[in-house]
Structure formats: C-alpha cells, structure tokens
Amino acid sequence: MEDNLLLQVNNISVVYSDVIQVLKGVSLVIRKGQIVSLLGSNGAGKTTTLKAISGLLKPENGKVTEGSIEYEGKGIHNSSPETITRLGIIQVLEGRQPFKYLTVEENLRVGTATRWGKPYKKDLELVYSYFQPLVARKNRQAGFCSGGELQMLVMGRALMAHPQLLLLDEPSLGLAPFLVREIFAIVKRINEEQKTTIMLVEQNANMALLIAHYGYVMENGKIVMEEAATNLRENPDVKEFYLGTASSGALKSYKDVKSYKRRKRWL
Amino acid sequence: MEFFLQLSIQGLSVGFLYALAALGFVMIFKSSSVLNFAHGELLAIGAFIFLAFSVWLKLPIYLSFLFTLVGAFILGFVIERLFLRPLIGEALIEVIMLTVGLAAMFKGLLLVIFGGNLFSYPDFLPAGLTIRWGAINIPPVYVASFIIGIIFLSIFGFFFKYSSQGIYMRSVADNQPAALSLGVHVRRVFAMSWAIAALVCAISGIILGIMNGINVHDISVLGLKVFPVVILGGLESIGGAIIGGLIIGVLETFTGGYVSTSLKEVIPYIVLVFILLVKPYGLFGLVEIERV
C-alpha cells in the first residue's frame, strides 16, 4: 500500500433508520496533503459520505452497514465523533452552524475541545491571521455576524482543532462570488501552509476543481467518475452538467441537451 | 424603616438561596432541555447527606460540608449515567417523566432511611455572623446564605464565562450537532451539568435545612419554588435565575412581613402570572436570534 494514503473508504453502504439506503458502495481514497473535491447534485449523498467519515451519522440514526473506512490504516467506521475528532478528522458542517449565543472568540475556543487544557493562544492568532475580518468581531455574538464572517468563523473554529483531515461541506453556500473566491483562496492557503489534507464537497464545481488536486463525482449514492481535477475540468460531461458550459464552449439549446440519456451511461 | 431594612436583607439572602437552587435547574435545562422535576428531592438529599455526616458520624462541620459537596457531585454523575443516558435520543417527554419518577423514588428512599420526622443540625454557625444594628437583627443563617450564595454564584458565573469546560458546556446548549462535529464530549457535558446541579442543590438544601429544619416533605416542596424562579427569570438564563431568585425571595419576605405569612406562599405565583403576561419568555428568556 502506498504510504501517502491518509483515508480510504472501501465500498461503504449507509442506511438511515435501518431502512433508507443512501450510499450504495462508495469507494474513495484521499492522499496526504491533497485537496480532494466531491461533486454531485443535491441528494447524491455527498454530505452523507462526509458524515460517515466524521462519525456524525450516529446522532442522526445512520449507520455504515457494509464496507470499511480506514484512516491511516485504522478502521474508523461507526466510531463515535468524539473518537474520530481526536484522530484529527474535523468536519465543517453545511450551512455554517455557529454557536449563536457565544461570542466569536468563544466559538473559536470550542475548537480546542479535542485537546482540552493545552494552550491555544497561538492558534487563535493563526486563525485571526487567516480570517482577518474576525478580529474586529471578536467579542460580538456570532448570531449577529454576516454570512461571510460566519463561514470564516466555522472554518477557523475547525482549524483550532489542528485537523489532519478537514472535511468542508459546501463552504460557498449562499455567499457572494467575490467572497467565494476569497474563501477558496484561504482553503488553498491552509492546504499549502498548514499541510492540512482537505476534502471539499461543493456545488460550485468550477471553483472546487480550480483548487482541488483530485475529484470525485457522485450520483444517486454512487461514485460515477473520478479523475485528477484538471482532467475533470476538461471532461465534456462534467463541463455540461456541473460547469454549465457545453463542449463547444457555447450554451446549447435546452432541447439538445438530452442529459437523461447521457447520465444513464454513468450508472 | 428598620423593619424594611431587616426584611430587605432577609429577602435578599432567601433570594440568593433560591438563585443557587435555580442555577442547577437552569444548567440541566440549558444543556439537555430537560425539566428536572426531581429538583426538590436533590435539595433534600443534600440536606440529609450533610445531616448524616455532621450528626450521625459527628465529623467536623467543614469536613461534612466538603464531603456532602463531593457526594452530591458524584450522585449527579451517577443519576445521569444510570437513568438519563439510556434515554438519550428518546422523546423529551419521556425524559421529563423519568425525572418525575426519580422524584418519587428519591423521596421514598429518604423516607425509608431517615423517616418523616423533623431533624435539625447542631448550631454550628458562629454567632459573630449575626448582624445587629439598631433594631435590625439578622440571624447568622441569613448572613451565611447571603455570603455562600454570592460566592458560589460568582464561581459558576466565571466558570461558564471564561473556562474552556464552561464554554464547551454552553456550546452544547447552543448547537449540539456543531459541538459534536468539533469533538465536544456531549455525554460528558450532560453528566457534568447533572453533577453541578446536584452540587448546588446540596448547598441550598443545607442552608434550607439550617433555616427551617430538615424534613423530606418540606424541603422537596420548597424545591418546587425553583419553577416560579426560573420561569420568571427565563429558563435559559443563569443571570435570569439569579434575578428571579432575588425577586421572589424579597417579594416573599415582604409579603410575609407586611401582609400575612399565609399569603407568602402564593405571592410568587401571582407575580409570575403578571410577568408572564408582559414577558412570555420570562425577564431574561432567550430571545431567538433570527437572521432574515
């Protein structure tokens, strides 16, 4: 086995409440130091895949019923989130989820839960250096911050935990285009400067594939395509379905799209 | 005028006592949204543990006090572990009914072990604590209640505001999935809130025991007074619990002093009704931060 392998998801199936099957045999590999992006439409199972890795399925009554998830060679499927976060896997939840009634700095301090009692002042400085707008909001209740600030806050909060593997669930959700660019630039910087491996779930395929090294495409609970990000960007199907441009570069007429036929081929 | 001052000081010390008891109630509610109907019994248990240590085992007072606090803290952990943890994930009403059951069980156990008689502690508070100033005469237990109330309320205030553990506890109350995603040990936070609640209950139980004597029924009924206190102050607010406790304490004492002692028991509820008419979430209840 290659030694730069960080996480290996082997053919997992996830079932919610013992009846609803969401993932049907998903396999993927994350190498150390990379940004891996996971694309797919709504309901494809991207978030579920992330939650299966971070252990957050459990409180939602979900379970990995088949297959295994190995982190640095150790099986972590169906472990509790307390254990998994302490191994260095931190998930940033979709839709921001700040602690509304805590101040910005208190929010960041919750990020130290995995290593309680250790000094954290340096980490606070580091987070503030990545996310400068947070400095001015330090003592404000997080519930009163703007969407962009909140996205920075929850990412900074995760960074406080010294993650080895950071799982980002739709960081661009509902943000202005220039803010999206800023957030992605910071993600890239974190990956390069902190050597944090990042798994990025995104609807904004364009931005995601620009900074990622490798990409997976999911449909209906299955991985349907995987390739280096640069190749994915050139792939005609991905271009049409996720990047919004046709192969010729011009927008096609809707009647010519016939996406249902081409999608069929993947499954 | 002297009478007014006397009543004010007494009312405030009773208020601090209520505030301390309410603090435990708010803690449990904040972290796990459980209304703890066994609160009065927790007070009684604290009072009786102290009785056992100080009168039966004849340990020095400070040791008995320390042991009672430790014992109550452990008891809180045990209650959470044995009774509440298996119900995590079940509907809230089941957990609340469980606390009703716990109340009955604890009361029964206390009656079996100690009986229903009225006990009292030896007179251990130093007479120097008595405040005598003109016609004002405050018995030592009220002064002690005042001091202990302020000390413990500020300890817990600082704990929640500044310590990492306190911030983790608040984060669970605020957004449980997010706290889980950051590795906050949510079950430990629940256990911790029960332990702290049992601890502050024990303290207020002991003070109540000194004031009125120790009787299973009396103390557990008094424990129910946390309901008007916390609803008045706002269920989620620790600051509200303190203010609510003080208001109810002072009101009660004034009614008892100026109007009639039998009205004293009713007045908190009457005031409660009027305050809820104006502020349905209590004085400091959580006003939902909503982003539109």
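This is a predicted model, so every value here is computed, not measured.

How each quantity is defined
- Residues numbered from 1 in each chain as written.
- Chains lettered and ligands numbered in written order.
- Predicted model: local features only at pLDDT ≥ 70, side-chain atom pairs only at ≥ 80, totals over all residues.
- Helix = DSSP H or I, 4+ residues; strand = E, 2+ residues; numbered from the N terminus.
- Axes fitted to C-alpha atoms, helices over the stretch in contact; angles between N-to-C directions.
- Parallel < 35°, antiparallel > 145°, perpendicular 65-115°, else oblique.
- Left-handed = near helix turned anticlockwise from the far one by under 90°.
- Nonpolar A, V, L, I, M, F, W, Y, C, P; charged D, E, K, R; others polar.
- Expected span 1.5 Å × (residues − 1).
- Buried ≥ 20, exposed ≤ 12 C-beta atoms within 10 Å, placed from the backbone.
- Contact = placed C-beta atoms within 7 Å.
- pLDDT = per-residue confidence, 0-100.
- Pairing = 2+ DSSP bridges.
- Domains from an automatic or database assignment.

### A word on unusual backbone geometry
Logical step 1: One non-glycine residue, R96 of chain A, adopts positive backbone phi at about 65 degrees.
Logical step 2: One non-glycine residue with positive phi stands out, namely K58 of chain B, at about 55 degrees.
Logical step 3: Relative to the helices and strands, K58 of chain B is located in the loop between α2 (39–56) and α3 (61–84).

### A few points about the packing of helix α1 (residues 2–32) of chain B against helix α11 (residues 238–259) of chain B
All names here are of chain B.
Logical step 1: Two elements in contact, α1 and α11, have axes whose closest approach is 6 Å; the angle formed by their N-to-C orientations is 140 degrees. Between α1 and α11, the interaxial angle falls into the category oblique. Every pair of crossing elements has a handedness; the one defined by α1 and α11 is right-handed.
Logical step 2: Across the contact of α1 with α11, the residue classes tally to 17 nonpolar, 9 polar and 1 charged.

### Digging into α2 of chain B
Residues and elements named next belong to chain B.
Logical step 1: Its 18 residues give α2 an end-to-end C-alpha distance of 25 Å, which sits within 8% of 26 Å, the value for a rise of 1.5 Å per residue.
Logical step 2: In terms of burial, α2 is largely enclosed, as 15 of its 18 residues are buried.
Logical step 3: Looking one or two residues past α2, K58 carries a phi angle of roughly 55 degrees, positive in sign.

### Quick look at the interface of chain B and chain A
Logical step 1: Across the contact, 17 residues belong to chain B and 27 residues belong to chain A.
Logical step 2: The leading source of residues in the side of chain B that touches chain A is helix α6 (residues 164–174) of chain B, at 6 residues.
Logical step 3: Per-class residue counts for the side of chain B that touches chain A are 9 nonpolar, 6 polar and 2 charged.

### As for the confidence of the model for chain B
All names here are of chain B.
Logical step 1: Model confidence for chain B is summarised by a mean pLDDT of 87, while 98% of its residues fall at 70 or above.
Logical step 2: Between the elements of chain B, mean pLDDT differs from a low of 77, seen in strand β1 (residues 131–133), to a high of 93, seen in α3.
Logical step 3: Overall fold confidence for the complex sits at a pTM of 0.86, while the interface term, ipTM, reaches 0.87.

### A few points about the sheet that holds strand β9 (residues 214–219) of chain A
All names here are of chain A.
Logical step 1: Pairing within the open sheet is mixed, and its 6 strands lie in the order β6-β7-β8-β3-β9-β10. Both outer strands of the open sheet, β6 (89–92) and β10 (222–228), are each paired with one neighbouring strand and no more. Each strand axis lies, on average, 15 degrees off the axis of its neighbour in the sheet, ignoring direction.
Logical step 2: In this sheet, strand β7 (residues 165–169) lies alongside β6 in parallel orientation, the contact comprising 4 bridges. Looking across to β7, one finds that Q91 is bridged to L167.

### Here's the deal with the domain arrangement of chain A
Residues and elements named next belong to chain A.
Logical step 1: Per the domain assignment, the segments making up chain A are domain 1 (5–88 + 163–230) and domain 2 (94–162).
Logical step 2: The C-alpha-based centres of domain 1 and domain 2 are spaced at 22 Å.
Logical step 3: Those elements giving two or more residues to the side of domain 1 that touches domain 2 turn out to be α2 (81–86), β7 and α6 (177–193).
Logical step 4: No other element matches α6, which puts 5 residues into the side of domain 1 that touches domain 2.

### Topic: α3 of chain B
Residues and elements named next belong to chain B.
Logical step 1: Taking 1.5 Å of rise per residue, the 24 residues of α3 would be expected to cover 34 Å, and the 33 Å separating its terminal C-alpha atoms lies within 8% of that figure.
Logical step 2: Along α3, the residues that are buried comprise S64, T68, A72, L75, G76, I79, E80 and L84.
Logical step 3: On its buried face, α3 is in contact with α2, α4 (92–114) and α8 (186–212).

### Here's the deal with the sheet that holds strand β2 (residues 20–31) of chain A
All names here are of chain A.
Logical step 1: Spatially, 4 strands are ordered β2-β1-β4-β5 in an open sheet, and the strand pairing comes out antiparallel. Two strands bound the open sheet, and with one partner strand each, they are β2 and β5 (74–75).
Logical step 2: As paired elements, strand β1 (residues 5–16) and β2 share 9 bridges and run antiparallel to each other. Residue pairing across strands places L5 opposite R31, the latter belonging to β2.

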